[in-house]
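Architecture at a glance
Residues per chain are reported as follows:
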Amino acid sequence: MSKIYIIGVYFFYFFMNNKKLIAFDMYDTWVHMTKYPNPYKNFFSQLWLQDSVIRELSFMLQTTDKNIEDILPKNIQSQKNISFLIDELVSNIYNQLSSLLLYDDFLSTIEILKQKWYKTAVVSNLSKPYNYPLIHLVPRNTFDYTILSYVVGIQKPDRKIFDYLQVVSWHTSDEIVMIGDSLKSDVQWAKNTGIEPIHIQRNQSLIKKDVDYIQISRLSELLDIFSRVK
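Residues numbered from 1 in each chain as written. Predicted model: local features only at pLDDT ≥ 70, side-chain atom pairs only at ≥ 80, totals over all residues. Heavy atoms only, no water.

**Comments concerning helix 6 (residues 82-97)**
- The end-to-end C-alpha distance of helix 6, which contains 16 residues, comes to 22 Å, matching closely the 22 Å that a straight helix rising 1.5 Å per residue would cover.
- All of the buried residues in helix 6 are Ile82, Leu85, Ile86, Leu89, Ile93, Gln96 and Leu97. The buried residues of helix 6 occupy one face: seen down the axis, they fall within an arc of 105°. Across from the buried face of helix 6, at angles greater than 90 degrees, the exposed residues are Phe84, Asp87 and Tyr94.
- Buried residues along helix 6 sit against strand 2 (31-33), helix 2 (39-47), helix 4 (68-71), helix 5 (74-77), strand 3 (100-102) and helix 8 (132-136). (Helix = DSSP H or I, 4+ residues; strand = E, 2+ residues; numbered from the N terminus. Expected span 1.5 Å × (residues − 1). Buried < 20%, exposed > 50% of the residue type's maximum accessible area, 1.4 Å probe, protein only. Arc of directions from axis to C-beta. Contact = heavy atoms within 4.5 Å.)

**Remarks on the sheet that holds strand 5 (residues 145-148)**
- Ordered in space as 5-4-1-6-7-8, the six strands form an open sheet in which the pairing is parallel. What marks the edges here is a single partner per strand, and that holds for strand 5 and strand 8 (214-216). Across the sheet, the axes of successive neighbouring strands diverge by a mean angle of 20°, strand direction being ignored.
- Contacts from helix 11 (residues 183-192) reach strand 4 (119-124), strand 6 (176-180) and strand 7 (196-200), with the element oriented near 155° to strand 7. (Pairing = 2+ DSSP bridges. Axes fitted to C-alpha atoms, helices over the stretch in contact; angles between N-to-C directions.)

**With respect to a nonpolar patch on the surface**
- A contiguous nonpolar patch, built from Tyr164, Val167 and Val168 and spanning about 250 Å² of accessible area, is present on the exposed surface.
- With respect to the helices, strands and loops of the structure, Tyr164 is situated in helix 10 (residues 160-169). (Patch = residues over 30% accessible without salt bridge, like charges linked within 9 Å, V, L, I, M, F, W, Y side chains within 5 Å. Areas by Shrake-Rupley, 256 points an atom, 1.4 Å probe, with all protein chains shown as cover. Salt bridge = Lys/Arg side-chain N within 4 Å of Asp/Glu carboxyl O.)

**Quick look at the pattern of salt bridges**
- All told, the structure shown has nine salt bridges when counted by the stated rule.
- For Glu175, the salt bridge identified is with Lys20, shortest N-O distance 3.3 Å. Of the two residues, Glu175 sits in the loop between helix 10 and strand 6 while Lys20 sits in the loop between helix 1 (3-15) and strand 1 (21-24), which places them 155 residues apart along the sequence.
- Judged by relative accessible area, which is 15%, Glu175 ranks as buried.
- Relative accessible area serves as the criterion here: at 41%, Lys20 is assigned to the partly exposed category.
- The partner of Lys156 in a salt bridge is Asp186, and the shortest N-O contact between them spans 2.7 Å. Taken together, the residues Lys156 in the loop between helix 9 (149-152) and helix 10 and Asp186 in helix 11 connect sequence positions 30 residues apart. The same class applies to Lys156 as to Asp186, namely buried.
- Salt bridges here are not isolated pairs; linked through shared partners, they connect Asp104, Asp105, Arg202 and Arg218.

**Observations concerning the packing of aromatic side chains**
- Counted under the stated rule, the structure contains eleven aromatic pairs.
- Judged by centre distance (5.0 Å) and plane angle (65°), the ring pair of Tyr118 and Phe226 falls under edge-to-face. Placement of Tyr118 in the loop between helix 7 (106-115) and strand 4 and of Phe226 in helix 12 (residues 221-227) is noted, with a sequence separation of 108 residues between them.
- Among the residues examined, Phe226 registers a relative accessible area of 0% and is labelled buried.
- Each member of the aromatic cluster is reached from another via a ring pair, and the members are Tyr27, Tyr40, Phe43, Phe44 and Tyr130.
- In this arrangement the basic side chain of Arg202 is found over the ring face of Tyr103, its NZ or CZ atom lying 3.5 Å from the centre. (Phe/Tyr/Trp six-rings, centres within 6.5 Å; stacked < 30°, edge-to-face > 60°. Lys NZ or Arg CZ within 6 Å of the ring centre and 35° of its normal.)

**A few points about the pairing of strand 7**
- Counting buried positions along strand 7 yields five of five residues, so the element is predominantly enclosed.
- Residues Glu196, Ile198 and Ile200 line one face of strand 7 and the alternating positions Pro197 and His199 line the opposite face, and both faces are buried.
- A crossover connection joins strand 6 to the parallel strand 7 through helix 11; in handedness this β-α-β unit is right-handed. (Right-handed = clockwise from strand over helix to strand, strands pointing away.)

**Digging into the nonpolar core**
- Within the largest apolar cluster, 46 residues are counted, with the highest numbers of intra-cluster contacts made by Phe24, Trp30, Phe43 and Leu222.
- Formed by 16 residues, the second largest nonpolar core is a distinct cluster that contains Ala121, Leu165, Trp189 and Ile195. (Core = buried A, V, L, I, M, F, W, Y, C linked by side-chain atoms within 4.5 Å.)

**A look at the confidence of the model for the protein**
- Overall, the predicted model of the protein reaches an average pLDDT of 88, with 91% of residues at or above 70.
- Across residues 1-11, confidence stays below pLDDT 50; counting only partners more than four residues off in sequence or on other chains, it has one contact. (pLDDT = per-residue confidence, 0-100.)

As structure tokens, this is what we get:
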């Protein structure tokens, strides 16, 4: 083991010593789908919408609590088969949500972290139906703070969503760690706001060696990281 690596590890644990709030992304971080076809993608493809319109509708779904029928353009709402397509969309969303599973190391890991007096948060981009895991899969006190894009009207990677987290939690950026699977929405975005990122890559073969952030393949690895700094 090289001296540079050892120095880097000790510097990391020293730097992590002031962390007080551990924020988690949601999907593919602590919960995952076993049915992957995207219901919205299938729905939009049947309407023959332009890509720019799809991007606008997708943004609205993730930054408001409106239903799909409330944001469709009027010319789409007037189509004869639109009611059938919306019913099909709702059914497909329900089927996908019924396939959700927690990663087996999540609840035990977060319970121990909370016992060590860390505050926890979930910060995620999602439309209203996809808050299902918070309602049905985890205890209500799992997270101290919940920042969801459709509730706050802000979507990662807009740094304002982290500003919102800092306001509601009373923690500064240097006291927060962000854990997520997305390089853009979680890792780089956190770094841009002064928050320490931890990138979770459950497929170990995708983990890179030459990066300037911590990578893990299981959430349970957090216990080793934070056990050394308390």
